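Single-letter residue listing:
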Amino acid sequence: MDPAEPELRADAQGPRPPPSALSEPDAHGHSASGDSGTMSRDTEVDMKEVELSELDPEKQPMATGGEKNGLVKAKVAGGAEPAAGAKFTGLSKEELLAAAGGRGWARARTALLLLFWLGWLGMLAGAVAIIVRAPRCRPLPAQAWWHRGPLYRVGDVRAFAGGLSELRGRLDYLSTLKVKGLVLGPIHKNLEGDLAGTDLQLIDPVLGSREDFDSLLRAAQKKSIRVVLDLTPNYRGQNSWFLPEQANATTAKVKEALSFWLKAGVDGFQVQDVEDLMDASSFLAEWENITRSSSKDRLLIAGTNSSDLQQLLSLLESTQDMLLTSSYLLNPNSTGEHMRFLVTQYLNSTAGRWCSWSVSQAGLVTSFVPAQLLRLYQLLLFTLPGTPVFSYGDEIGLQAVTLPGQPAKAPVMPWDESNLSDTSGSVGTNVTMKDPSSLLSLFRRLSDQREKERSLLHGDFHALSSPPGVFSYVRHWDQNERFLVVLNFGDAKLPAMLGASALPARASLPAQANLLLSTQSGRVEGTSLDLGTLKLGPHEGLLLSFPYEA
């Protein structure tokens, strides 16, 4: 017991406990509780608890931490406790309303309300100003599947995979190349020069069955790879379209085959050597209408060996979305200046039409391009505005096998690296599948870069003035990253000497640009290069990037 607290005594002034609360005397006449003062104090505490328990539950104080809420236990002068049940209460509702209506509080509320609305209006005005002054985003163009990645031609299924069923197992490999379309065949039954023995709706049993083809279609669809079927009628003969007097019967068979294979689920068609077809432009227009009648997402590709611009334009003029592969870019003595002329002339002549780029309608790049320029051509085809089209093996520098006195044969695709040395020189140098500096690695990097960058995917194109051996250009789209491509077609080291006077303000060149990749070893990727002093090695190509600046 606290010595400062006076001991409670049962005297005349204190409360008298009821008789039942007292202890009965023992046999010797003494109290069971001992000291009578202690008994009185305990009894008084019990009586207080009894009084509290008899109160209405709603009037009982709440208990918190073992104490009675609402009761204050304080020391007062003389050591006496205040009366039990004393409570402290706040202001009443009337008192609060009276205080809130005071002149000081009214002014404070008015000031705070005014500040709130002024701040809100300021933020609104700032947001409107930002929206008005911010440059408007350029609307994205409509993109078909053949706009988003390269097309991969497998003309000879047996040389590439062995058959249709084996080809299905190579779709994973095509996925690593970011291929969007597989141009397949021809695979139909064809007796050389025999129109009656040619059936465009029947698969050559040497390559597989209809079930194998349907299985290939389903597997390709799951991997988002579209299948384009080549329907060139007489692909085993000297004339792909038989004899001129058989033109009507031949084109009638093609028309029937288009409807048949569209129902089977193919995503488009290819026909080659259209320069040998009489009135080719009108037939191509009709076949494109049939192809797109089932869906706007179907594609027609025409191939030609011609490199004459006017003849190419005549084949395109009657169609809308048809792609044309040709030998237009081929030139045995190509220079940077000549390549610049060819590309800009073609883009200007097609008046903004979506283009496709290849070195031939079906052949391998190595058959037309020197080995030292293979990497340069890969960089070129992947960064021009349009769809790049490759034949199988172009990604590794595969070469056609030629034997004395015999026509060139389609080379076998070397799937196992251990067989590279057994292909009789059919594979170019530095094409190891796992080598990060190989031609295959460069192909994959460029395909991936094109797919994820809008400026390369569908951006504007502007050629720069450069020395005769250099071809350079800028690709840009709206506020996205810009890309600079510099190609040295010469066999000597050359300064880039980039002339950007013809560039619009939104695509102006900076003083420096970031190096993404070089077609040759020796440069550190990711470094910043000074464009004013930039020099390129022989046959070197550079891909650089720089940010958009408002």
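Use the structure listed above.
Since the structure is predicted, the reported quantities are computational estimates derived from the model, not experimental observations.

## So, the packing of helix 7 (residues 210-222) against helix 8 (residues 247-264)
Closest axis-to-axis distance for the helix 7/helix 8 pair is 11 Å, and the angle between their directions is 60°. By the angle between their axes, helix 7 is oblique relative to helix 8. Touching R210, F213 and L217 of helix 7 are F260, W261 and A264, all from helix 8. When grouped by side-chain class, the residues that make up the contact of helix 7 with helix 8 number 5 nonpolar, no polar and 1 charged.

## Let's talk about a nonpolar patch on the surface
On the surface, L113, F116, W117, W120, L121, M123, L124, V128 and V132 cluster together to form a nonpolar patch covering roughly 960 Å² of accessible area. Position of F116 relative to the elements: it lies in helix 3 (residues 103-133).

## Section: helix 8
In an α-helix, one turn spans 3.6 residues, which is why side chains three or four residues apart end up on the same side. Over its 18 residues, helix 8 extends 26 Å from the first C-alpha to the last, a length consistent with the 26 Å expected when each residue adds 1.5 Å. Of the positions making up helix 8, those classed as buried are A247, T250, T251, V254, A257, L258, W261 and L262. Along the axis of helix 8, the buried residues cluster in a sector spanning 125°; they form a single face. Looking at helix 8, the residues exposed on the side facing more than 90 degrees away from the buried face are N248, E256 and K263. Those residues of helix 8 hidden inside the fold are in contact with strand 6 (194-203), helix 7, strand 7 (226-230), strand 8 (268-271) and helix 9 (280-294). Once helix 8 finishes, G265 follows within two positions and takes phi at roughly 110°, a positive value.

## Digging into the pairing of strand 6
Of the strand pairs in this sheet, strand 5 (residues 188-191) and strand 6 are connected by 3 bridges, and their pairing is antiparallel. Paired with K189 across the strands is D199, a residue of strand 6.

## Digging into the sheet that holds strand 15 (residues 482-488)
Read from one edge of the open sheet, 6 strands run 13-14-15-20-17-18, paired in antiparallel fashion. Pairing within the sheet leaves two strands with one partner each, and these edge strands are strand 13 (460-464) and strand 18 (528-530). Ignoring which end each strand starts from, the neighbouring axes of this sheet average 35° apart. Bridge count between strand 17 (residues 512-518) and strand 20 (residues 541-546): 4 bridges; the pairing is antiparallel. Along strand 20, the bridge assignment pairs L517 with L543. Sitting on the sheet, helix 12 (residues 374-383) is in contact with strand 14 (470-476), strand 15 and strand 20, with an inclination near 145° to strand 15.

## Quick word on unusual backbone geometry
Look at the link from G185 to P186: it is a cis peptide, with omega at 20°. The residue P186 is located in the loop between strand 4 (181-184) and strand 5 in this model. Within the chain, K178 stands out as a residue other than glycine whose phi angle is a positive 60°. Locating K178 in the fold gives a position in the loop between helix 6 (171-176) and strand 4. A positive phi angle, close to 55°, is found at D273, a residue other than glycine. Here D273 lies in the loop between strand 8 and helix 9. When its relative accessible area of 13% is taken as the criterion, D273 is described as buried.

Cut-offs and rules
Residues numbered from 1 in each chain as written. Predicted model: local features only at pLDDT ≥ 70, side-chain atom pairs only at ≥ 80, totals over all residues. Heavy atoms only, no water. Axes fitted to C-alpha atoms, helices over the stretch in contact; angles between N-to-C directions. Helix = DSSP H or I, 4+ residues; strand = E, 2+ residues; numbered from the N terminus. Parallel < 35°, antiparallel > 145°, perpendicular 65-115°, else oblique. Contact = heavy atoms within 4.5 Å. Nonpolar A, V, L, I, M, F, W, Y, C, P; charged D, E, K, R; others polar. Patch = residues over 30% accessible without salt bridge, like charges linked within 9 Å, V, L, I, M, F, W, Y side chains within 5 Å. Areas by Shrake-Rupley, 256 points an atom, 1.4 Å probe, with all protein chains shown as cover. Salt bridge = Lys/Arg side-chain N within 4 Å of Asp/Glu carboxyl O. Expected span 1.5 Å × (residues − 1). Buried < 20%, exposed > 50% of the residue type's maximum accessible area, 1.4 Å probe, protein only. Arc of directions from axis to C-beta. Pairing = 2+ DSSP bridges.

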